[in-house]
Amino acid sequence: MDRIERLAKEHTDLTRRHFLKIGSAGAAAVTVSQLWARENVGRPHPLLTEAVSKLEYLTREENFITYGRGNPPPHKLPPEKLHQVGLVRKTWQLEVLPDPDSNAKVEKPFSKEQGTALNWDALMKLAEKHAVRFMSVITCTNDRTPYGMGLWEGVPLREVVWLARPVSNVRRLFYYGYHNDDPKQRFQSSLPIGRVLEDPPGEHPIILCYKLNNQWLTIDRGGPVRMIVPDAYGNKSVKWLQRIMLTNDYKANDTYALWNNDTVSHIKTCARFIHTPKKIKAGQPAPVTGVAQVGMSGLSKVQYWLHPKDKSLPKDDPYFTNAQWKDADILPPPKHWGGGLPDGKLPEVPRQIDTVTGKPKHWPIRNAIAHWATLITAERPGKYDLRCRTIDANGIAQPMPRPFHKSGNNKIQSVQVVVE
Ligand SMILES: Nc1nc2c(c(=O)[nH]1)N[C@H]1C(S)=C(S)[C@@H](COP(=O)(O)O)O[C@H]1N2
Ligand SMILES: [Mo]
């Protein structure tokens, strides 16, 4: 057995034992994001151990962490209201207009007033020709935890932008969703037009997204249609999308910018624990699992460091660059992709999955996640701090010195392990 196989077996054994202990008390599936959410509020959950065997690469829709501002937030509106305000497929409309506060010129705007807004059928018509699918992670700039790892489907935004015939004075676009017709409740994001019109090699287009994990986008996820910006933090991926403005304004007029965030920050590479043992026996190996977020700088290694609490920490080395880090194993692509896909099988994802072999073209996938695992051992009883970090594809330790957490939360995580 190689190391990964042994680990997989260990996890199964561990899970089985745990199952026997808890009986059928709570066999609900727990996902990575839920575990993290619990940990964030300081309540580790007894199902943690069980969850290890339930790790799924793609997050099920219902297990995403949901964000949506508004009073009430759009996903809490009753069904009749959703119908009335264009938040069901039948009544949804998208406007693409020149910004009235700038001199942008657009020849064929999609406008409700002129009866030319883009509706669901028109979007589906575009989808027949232009639909793309890709896997990417949603993470909030301000949170340590990915909100969910999705397989998204949509029409590249540029297809609709070109149909609106922009002719001059367009440098950026900004966009927002339904907000109870109250400007104060509007959640807006913006993009440079250049990023919309083309993609760096290996990067995916920004899409008008209507499916997650091969199912229509639910209202919680921002349906019928949301923006998905695959290389940005979640705030660019506006939900309940209804209006896009083409503008000559050169500033990032994002709602998130007003809240002191760096809105053009790319996703950061970082590692987090999923399962760590509270207590282990001296000299005996114990399994640890985690997840790595693969950001703009890629991922080459996940590392961990077990440090006795009674030994002092190195001075003037807040990122522990001189510590005795050891390599963990980055898990290979899953056979079962999870996410509620039937049998865990992916539909065609030609951008990321080789259509002949059915395997990812690159691994790990950028702007996505990778699970990792390792066995830890300690000879001497006592209390230890277990930490994890990543080495990016440029060979640089992440987090690198970066006190600016408003550009994306990225810290070395530390948990306690007792050795008996
Ligand atoms: N309309 C709207 N879209 C929104 C938001 C919002 O408050 N309103 N929050 C954004 C932020 S800050 C994040 S992190 C993501 C979260 O996406 P999720 O709810 O699908 O996890 O949604 C983004 N899209
Ligand atoms: Mo966010």
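Look up: the structure comes first, before these words.
Peer 1: An account of the site of ligand 1 is requested, with residue identities and associated values reported.
Peer 2: Looking at ligand 1, there are 18 residues lining it, with I65, Y67, R69, R226 and K239 nearest. The contact in question runs from an oxygen atom of ligand 1 to an N or O atom on the backbone of I65, over 2.6 Å. Here R69 contributes a backbone N or O atom positioned 2.8 Å from an oxygen atom of ligand 1. Residues belonging to the shell around ligand 1 are distributed by class as follows: 9 nonpolar, 5 polar and 4 charged.

Peer 1: With reference to specific residues and values, describe the pairing of strand 1 (residues 93-98).
Peer 2: Both strand 1 and strand 3 (residues 118-119) contribute to a ladder of 2 bridges, which runs antiparallel. Of the residues in strand 3, the one forming a bridge with Q93 is N119. In terms of strand pairing, strand 1 meets strand 12 (residues 241-247) through 4 bridges, oriented parallel. Its bridge partner lying in strand 12, E95 is registered against R243.

Peer 1: If you had to explain the pattern of salt bridges to someone new, which residues and values would you point to?
Peer 2: What the rule picks out here adds up to 16 salt bridges. Between E128 and K125 there is a salt bridge; the shortest N-O distance is 3.5 Å. Of this pair, E128 and K125 both sit in helix 5 (residues 120-130), 3 residues apart, which is roughly one turn of the helix. Of the residues examined, E128 reaches a relative accessible area of 64% and is grouped as exposed. Residues participating in the shared-partner salt-bridge network are R158, R195, D199 and D231.

Peer 1: Describe the nonpolar core, with residues and values.
Peer 2: Where a protein is soluble and globular, its nonpolar side chains tend to be buried together. Membership of the largest hydrophobic core comes to 48 residues, with the highest contact counts inside it found for L123, W152, L173, L208 and I244. If near-sequence neighbours (up to four positions away) are discounted, I244 is found in contact with L94, E95, V96, L97, L157, L173, F174, Y175, L208 and M227. Grouped together as the second largest cluster of nonpolar side chains are 22 residues, I280, L299, V302 and I376 included.

Peer 1: How would you summarise the sheet that holds strand 13 (residues 270-275) if you had to cite specific residues and measurements?
Peer 2: By definition, the strands of a sheet pair up through backbone hydrogen bonds, in either a parallel or an antiparallel sense. The strand order across the open sheet formed by 4 strands is 13-15-19-18, and the pairing between neighbours is antiparallel. Of all the strands in the sheet, just strand 13 and strand 18 (329-330) have a single pairing partner and so form its edges. One ladder, built from 2 bridges, connects strand 18 with strand 19 (residues 368-376); its direction is antiparallel. Following the sheet pairing, D329 is matched in strand 19 by A373.

Peer 1: Go over the sheet that holds strand 3, please, and point to the residues and values.
Peer 2: What the 5 strands build is an open sheet, ordered 3-1-12-7-8; its pairing is mixed. Taken across any chain shown, the strands that pair with only one partner, and hence form the sheet edges, are strand 3 and strand 8 (188-192).

Peer 1: Account for the pairing of strand 4 (residues 132-139), with residues named and values stated.
Peer 2: Within strand 4, 7 of the 8 residues are buried, leaving the element largely enclosed by the surrounding structure. Bridge analysis of strand 4 against strand 5 (residues 146-156) gives 8 bridges, and the strand direction is antiparallel. In the sheet register, I138 faces strand 5, and the bridge partner there is G148. Linkage of strand 4 to strand 5, two consecutive antiparallel strands, is achieved through a turn of 6 residues.

Peer 1: Outline the state of the cysteines, listing residues and values.
Peer 2: The full count for this structure, using the stated rule, is 0 disulfides. With no disulfide of its own, C270 lies 8.7 Å from the sulfur of C388, the closest cysteine sulfur. Residue classification places C270 among the buried residues on the basis of a relative accessible area of 6%.

Peer 1: Any chance you could break down unusual backbone geometry for me, citing the residues and the numbers?
Peer 2: Residue P72 follows N71 across a cis peptide bond; omega there is -5°. Of note, P72 is situated in the loop between helix 3 (48-52) and helix 4 (79-84). In this structure, P364 follows W363 across a cis peptide bond, with omega equal to -5°. With respect to the helices, strands and loops of the structure, P364 is situated in the loop between strand 18 and strand 19.

Cut-offs and rules
Residues numbered from 1 in each chain as written. Chains lettered and ligands numbered in written order. Predicted model: local features only at pLDDT ≥ 70, side-chain atom pairs only at ≥ 80, totals over all residues. Heavy atoms only, no water. Near = heavy atom within 4 Å. Polar contact = N/O pair within 3.5 Å; in protein donor to acceptor, adjacent residues only side chain to side chain. Nonpolar A, V, L, I, M, F, W, Y, C, P; charged D, E, K, R; others polar. Pairing = 2+ DSSP bridges. Helix = DSSP H or I, 4+ residues; strand = E, 2+ residues; numbered from the N terminus. Salt bridge = Lys/Arg side-chain N within 4 Å of Asp/Glu carboxyl O. Buried < 20%, exposed > 50% of the residue type's maximum accessible area, 1.4 Å probe, protein only. Core = buried A, V, L, I, M, F, W, Y, C linked by side-chain atoms within 4.5 Å. Contact = heavy atoms within 4.5 Å. Disulfide = S-S within 2.5 Å.

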